[in-house]
Every structure is written in structure tokens, then in C-alpha cells.
Amino acid sequence: MPRTPSRLVAGSAALLVVGATAVVASAAPAQAVSSSVVISQVYGGGGNSGATYRNDFVQLFNASSAPVDLTGWTVAYFSPTSTGIAASTTTLSGTIAAGRSYLIQMAAGAGGTADLPTPDAVGAAAMGGTAGRVELADASTTLVDRVGYGATANTFEGSGPAPAPTNTTADVRIAPCTDTDQNATDFTTAPPAPENSATAEPACASAPPTGNPATIEQIQGAAHTSPLAGELVTDVQGVVTAKGPRGFYLQSTTPDDDVATSEGLYVFTSSAPAVAVGDAVTVDGTVSEFFPGSGGLSTTELTTPTVSVQSSGNALPAPVVLGVDRVAPAQVIKSGAPGDVQATGVPFAPTTDAIDFDESMEGMRVAVDAPRATGPTATAFGETPIVPGNSTDVIKTPRGGVLYSGYDHPNGARLIMDDSLLPAGSVTAMNVGDKIKDQAVGVMDYDFSNFHLMLTQAPTVKRLGLQREVTAAPTAEQLAVATFNVENLAPSDPQTKFDRLAAQIVNNLRSPDLIAVEEIQDNSGATNDGTVASDLTVSKLVDAIRTAGGPRYKSQWIDPVDGADGGQPGGNIRQIFLYRTDRGLGFTQRDGGTSTTPVSVEGVGTKVHLSASPGRIDPGNSAWNASRKPLVGQFKWNGQPLFVIANHLNSKGGDNAVFGRYQPPVRSSEVQRHQQATLIHQFVSNLQQASSSAKIIVLGDINDFEFSQTADILVGSINPLVDLPRTLPVKERYTYVFDGNSQVLDHILISGSLAKDGATKLYDYDAVHTNSEFFDQDSDHDPQVVRLTVS
């Protein structure tokens, strides 16, 4: 089923006005509703560098006209990303008078020059200075109020967290008597001003706050964030262009002449909106920036809206046709190096920068002309990467994708076509290269670090019949070596997964002599029960291969230390060797290899060998923390020793997204991969120093591109290896498709002694496209195979 866009899943009530009748269009809000006592101030910088006050504090305010007994109430502090129990809980006592504050002193730091006023309660929470979460509960443990603050806070009221305070500022409720259950707009940062129960406060005014009229274009502004964020606006006019489960899209019918200011806007109603597509409406509400995920852009929306329907059945504004009316800057996401593109003063350039181009149409009706799929449909979410059919500033793969051929070639015309607004099953699943007749029409939105085309009508899909590739069979003289990431294979997976993977190995890879298999899970799969053995997983795959008509493969691997090799928690993924012995390949067994024992190179010349086979490269090195250690094995082919290193390097988790908030994207994960590649290269160098003609294969899921520094390190400069993906024609260099970009993550590298004999080429290499381009894939990686004539 479709993945519900994250901006559509929680919020506050909306007031719908039809004629003279007002109707609350809301179910019970998902967050706390504080009817009297609210959290009015949060300060976590106490005692930090530059702070005035020595202590952190939380301040409450009684907005009602009667005193409230706080006996048994609690204030709990959570770290910003916590999903469990509180880091610290303070129990309250006493009474908070009407219109008075209540001060809870928290932990002290080493700095600061002033004490807080006499606190009404004392707690021990060492609060985060820039991010965290505070929750107020009554004596029955019912949640009364919640404030999540700072960009990394994962729980908050409304559409986003309160702004990040500092050592010299607190998060302060803008109107102490008003709680709209929107942390992002109820709070602002200001110097801390702690007040205890002895401080008199002005009476709460009964008149509601008033705002100023605004147009959609004024709300959106020529930027990634609204110039009116946090403000109440009135008389926002437009026509409803699309509806979701918790809001609707509104577009102006009187656009301005500025392409930088969007004419569309999302109105967040919390529950199903009581409007219809084609309704002309006016809306009063608070401008808010919603952050759908860490590292992504925010989206501008109206929250806590009051909606007045003026008329119905109106024609919708014509969509902007991408590829015709406007053409995306395909290879420039954001020029320069601005860092945070949402920071004040960063230029907004929709004519030259793709991230600004898409932002300038946020919430608007958009159509993509004759698009084609550049990635398969993620059927669990109803999402398909597309580009306009007439895109020219891209490198097209022979099978219909677009190539990610360098950090300067990000293919910025890509959008994620999303069917979340349509009934389930409305859109035909697509493979790479499949096309849509005419246009894909919807509204522009942003989620999961990508711009999404939220379809408002089901397009007609034209399937082009993409077929899974079949590689050539090796000759009697050739040794066939493959690598295949089988994506978290566990005994609990359906038998059909084993059968389909086995069919690929037998039919598409032609039963290679040797396969380095990545992501084999332990016998209990993702169940985190201390199991590390994987004999059931391996035997089930071997049996499926045999049933599919393949040979009886033998296997070698080393069980990892429980929980030490990363991957899906509990799964203990590892690399294994599968090899067949009926065509001349043998394994040189040498005992001594364990999960924690480093393998070494022994002997010289023709007597070079491994200290243990199989073995692991330097498993205690910190470069392998929470990551798979390379598996090394010594084989023999027609009397010739062969050294094979199976790898699965550190993933790209934690890197900034191509369309993320921070530009250019920071690739933080590659630091560890460079360290890992250096250790592998050093081991290869040890083999080459022991025997200059050593026959070496380094292969597996390297988790980095063929143009990356990681690949450069593996190749080396003295007696370099040959990285086989680099030998393909440029447009054929891919083993994986991510967000519609075809790219290399899997590699086979071979020593010069396996690559050439004089001027004679000794290898035949093939990236076999059987998975990454297909919506019914058996793994997210394509396998690859090299056929070697070992001289």
C-alpha cells in the first residue's frame, strides 16, 4: 500500500466554515491538549559556555482562571531522539495559582554567573542545550503538554519541533495563554527569563489573536522557507486542487509574474478535510515549516486553519508541464557550497539550481510530459522515479535508466511519482524504461529527501517488456567468478525467494564456479537472540540451487561475533563463498580462521599461502566497527593458486541526500570506507610483495561508486588492480538503482596477472541486470560475473 507522506500523519484541528455554519473538522489530536497548565519556557543551556544562569530549567504557566493542584504531576525530560523511557523525571507538588508560573530547576553546569529565582521544584535532568523533549503529565499520568525542541527532536506537538535554543536563549511560548499544539509556531527563542510562582503575570486576554491578509505567493516567498513562518495569516485565497487524508492543496487563481514564488500551498487539517477538489476557499491559519525527516528540506504549510468555502465546481489552474513549460537544470542541484540551503541569505536560483527549481513549484499542479521510469516502482509505497521523456542532459543507460556517473552528474530532473493520493492499486507498477502515455499529473511536494509528484489521476503506463539479462556460459578453460548481494537472506524468508535467487544463479549467471555472496543472515534471521550460525540459511540456498538444476555447491564462511558486523539488528549478516568442484576448482583449507583472528600472508614465490583459509582481514581494527570484515579464501584452479577477498563495506547510511537540505551533500560514511579499503589494499600489497604474480580477486558490495576514492584506494598505484566496472562503456556502469539513479556499488577487481598475458586480455566481465531495474526484484543488487582464462 502507499506510504503515507510524513506531513499527512498528525496535527491539530481545522475549523471549516460553510456559509454561516462552523464545523470542527478534526478527530482527537494525536498530541497532548493542554487545557490549563502549559509548558511556557524550556532552557537547556544552563551552566554552559556563555550562559548567564547556572542551571537548566522548565517553566509552567496556568492559563486558567482557577488554581491547579500539581501534587503527583511530573515533568519528564527525554533526549531528542529517544523512543523509550525518560532520561529524568521530576515529581511536582504544591499549587499553581491562576495566571502564575511554576519554576522547575534542573541540573547545573560548570559555567554561568547567576542563580535562578527560588524554584518551586527541583529536578536532576541535564537537558540538551539545542535539542530535547519535555513532557508534562498529571497525577493520573495523562499527558498534559509536550515540547520537542531542536532539529533532531523526533517527537513534538504538531508539524514540527520548537526552534533550537542555544546557551544564551530559551524556547519561550510566544503567547503564554495560548496553546495551539504546534511547537514550531507556539514557541520562539529568546533570552531565558525564569519566573517562579511569586511572579505576577498579566491576565490572559479573551480575544483571539488577529493576523494579516496574505497571498499564497507571499507566504511561500522566493526561498526554501516562508518569510511569514510563525505568523497568523488571514484571507488566503485559492482553489482546492487535491485532497489527502489530513489536508488539502490550495492554489492561487491569480498568479504573480515571479517564477521563484510558488502559487501552491498545503493546508494541514489533521483529519480528513471537509472540502472538495474545485472548491474556491479562503483560509485563516498559522504559517508553519514542517520537517518531514532529518536532513531534508522543510515544507511550508498552513496549520490550525479556519476554512471558508466560497464556491464549488471551479476549474483547476492548468499544471506547469515539466519538460515543456519549464525545464529542470538537470546537473546542478545547488550551485556553490552554501551548506544549509534554508539558511538566511542563501541565494534562491530556480532557473539554474534544481533544488530551487522544484521548490519554486511546491504545492502547485505540475505535469511531467511523457515521462519514463528511471527506477522500478517501490510497490510497498507506490513510488516510481521518473524523468521527462525529452530529457537530454543525462547519460541514458541502454535499458532506459539515467546514469549517476559522478558527483557532478546527479540528474536533477528526477522526481518521485507517488500514488498516495489515489486509491490503492490505481497505478501499474513499472520497470526501468517503462513509459507513461501523455502526462503524469499531480501536485509538487517533498518527502523522504526527494521531491514528489503526488498523482491526482492515474496515468496510462506503457510497459516495454524489459527482460532479465543472461550472461554467457564459461568455456571449459574459463573460471567463472561472481558476486551477489542477496539482501538479508534468512531461513524465515519465503521459499520463493530462495527459489528465485537460485534460478538467477543457475539460469542468468550460468552456475559460476565461485560466488561471493553478501548479506547471508544467521539461522534466526532478524530475531536478536544471540544466534550467529548460518548453516540453515546456506544449506537452504544450496538446496534451492540444486533443485533449480544447478550443481551441488560447497561453502565456506566464518560466523561473526554477535552484533558486531552491522546490518539489520539481530541478523548478523556475513559474506560466504559458494564454489563448485566439478569443473576443476578446489578450496585450500587451512584451519585457524576465527571471527577475531587476523589472517596473514605467509611464504614467498610459489609457496605463498594464507595463515588460515578461510580467514578475516584484521577483524579487531576499528575500521570494521559495526561493519562486515572481509572474508579471504585460498582456492586452486587447474593447479594455480587463487586468492579471493569477499567484501561488504560500510553502507552509505548517514550521508546527506542529493536533494537534501545541506549542499553539496556531505558523504560522512566514506571516511570509514576509506579506512576499510586501505586495510584491504594493504593485504593485497602483502600478497603481491610475497609473489608479484599472485592471482588475486577482490569483489563484493563495496558500497561506493567506480569513480570514488574508495575504488581508487582499492585499485592502488603500484601493481594496481583492475576495477572491472571501469572497463565497461560508461553508459553500462551500474549494478544498483537508487532513487532513479543507476550507479555502481558492487565491484570485481582483479590483479594484473589475471587481466592480461602480454597484450592478450584474459577476462570477460558482465554486470548482469536481473534485479535493480525490476519492481519484482529478488534483491536490490544486480549480480556480476567475470570469466577468467587463468594462464
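Let me sum up the structure you'll find in this document. Being a predicted model, the structure only gives us computed values, none of them experimental.

Cut-offs used in this document
Residues numbered from 1 in each chain as written. Predicted model: local features only at pLDDT ≥ 70, side-chain atom pairs only at ≥ 80, totals over all residues. Heavy atoms only, no water. Helix = DSSP H or I, 4+ residues; strand = E, 2+ residues; numbered from the N terminus. Rg over C-alpha atoms; globule rule 2.2 N^0.38 Å. Buried < 20%, exposed > 50% of the residue type's maximum accessible area, 1.4 Å probe, protein only. Contact = heavy atoms within 4.5 Å. Areas by Shrake-Rupley, 256 points an atom, 1.4 Å probe, with all protein chains shown as cover. Pairing = 2+ DSSP bridges. Phe/Tyr/Trp six-rings, centres within 6.5 Å; stacked < 30°, edge-to-face > 60°. Lys NZ or Arg CZ within 6 Å of the ring centre and 35° of its normal. Axes fitted to C-alpha atoms, helices over the stretch in contact; angles between N-to-C directions. Salt bridge = Lys/Arg side-chain N within 4 Å of Asp/Glu carboxyl O.

Before going further, it helps to spend a moment on the overall build of the chain. The secondary structure content of the chain amounts to eight helices and 51 strands. For 791 residues, the compact-globule formula gives about 28 Å, and the C-alpha radius of gyration of the chain, at 30 Å, lands near that figure. When its C-alpha atoms are laid out on the principal axes, the chain stretches across 95 × 60 × 45 Å. Counting across all 791 residues of the chain, residues that qualify as buried make up 57%. Here the analysis covers contacts within the chain between residues at least 6 apart in sequence; of these, 68% occur between residues at least 24 apart. Surface exposure of the chain reaches about 29000 Å², of which carbon and sulfur atoms provide 52%.

The subject of this paragraph is the pairing of strand 25 (residues 383–387). Within strand 25, five of the five residues are buried, which leaves the element mostly enclosed by the surrounding structure. Residues E383, P385 and V387 line one face of strand 25 and the alternating positions T384 and I386 line the opposite face, and both faces are buried. Relative to strand 25, strand 24 (residues 372–373) runs antiparallel, the two being bridged by two bridges. By the bridge assignment for strand 25, R372 is matched with V387. Of the pairings in the sheet, the one linking strand 25 to strand 27 (residues 415–418) comprises four bridges and is antiparallel in character. Note that in strand 27 the partner of P385 across the bridge is I416.

Turning to the packing of aromatic side chains, a few remarks are in order. Counted under the stated rule, the structure contains 13 aromatic pairs. When the ring centre of F78 is taken as origin, the NZ or CZ atom of R133, which lies over that ring, is 4.0 Å away. One cation-aromatic arrangement involves K761 over Y763; the distance from NZ or CZ to the ring centre is 4.7 Å.

Quick look at the sheet that holds strand 12 (residues 143–149) now. Taken together, four strands build an open sheet; the order of strands is 7-6-11-12 and the sheet is antiparallel. The sheet is open, and its two edges are formed by strand 7 (88–91) and strand 12, each paired on a single side. For this sheet, the mean angle separating the axes of adjacent strands, direction not counted, is 15°. Where strand 6 (residues 74–78) meets strand 11 (residues 132–137), five bridges bridge the pair, whose relative direction is antiparallel.

With that out of the way, let us pick up the pattern of salt bridges. Tallying each qualifying case throughout the model produces 28 salt bridges. One salt bridge in this structure joins R726 and D712, with 2.6 Å as the shortest N-O distance. Here R726 is found in the loop between strand 44 (722–723) and strand 45 (736–738), whereas its partner D712 is found in helix 7 (residues 709–715), with 14 residues between them in sequence. Between R787 and D764 there is a salt bridge; the shortest N-O distance is 2.9 Å. Here R787, found in strand 51 (residues 784–789), pairs with D764, found in strand 50 (residues 763–767); they are 23 residues apart in sequence, far enough to count as distant. Here the salt bridges do not stand alone but share partners, grouping D145, R173, D179 and D186 into one network.

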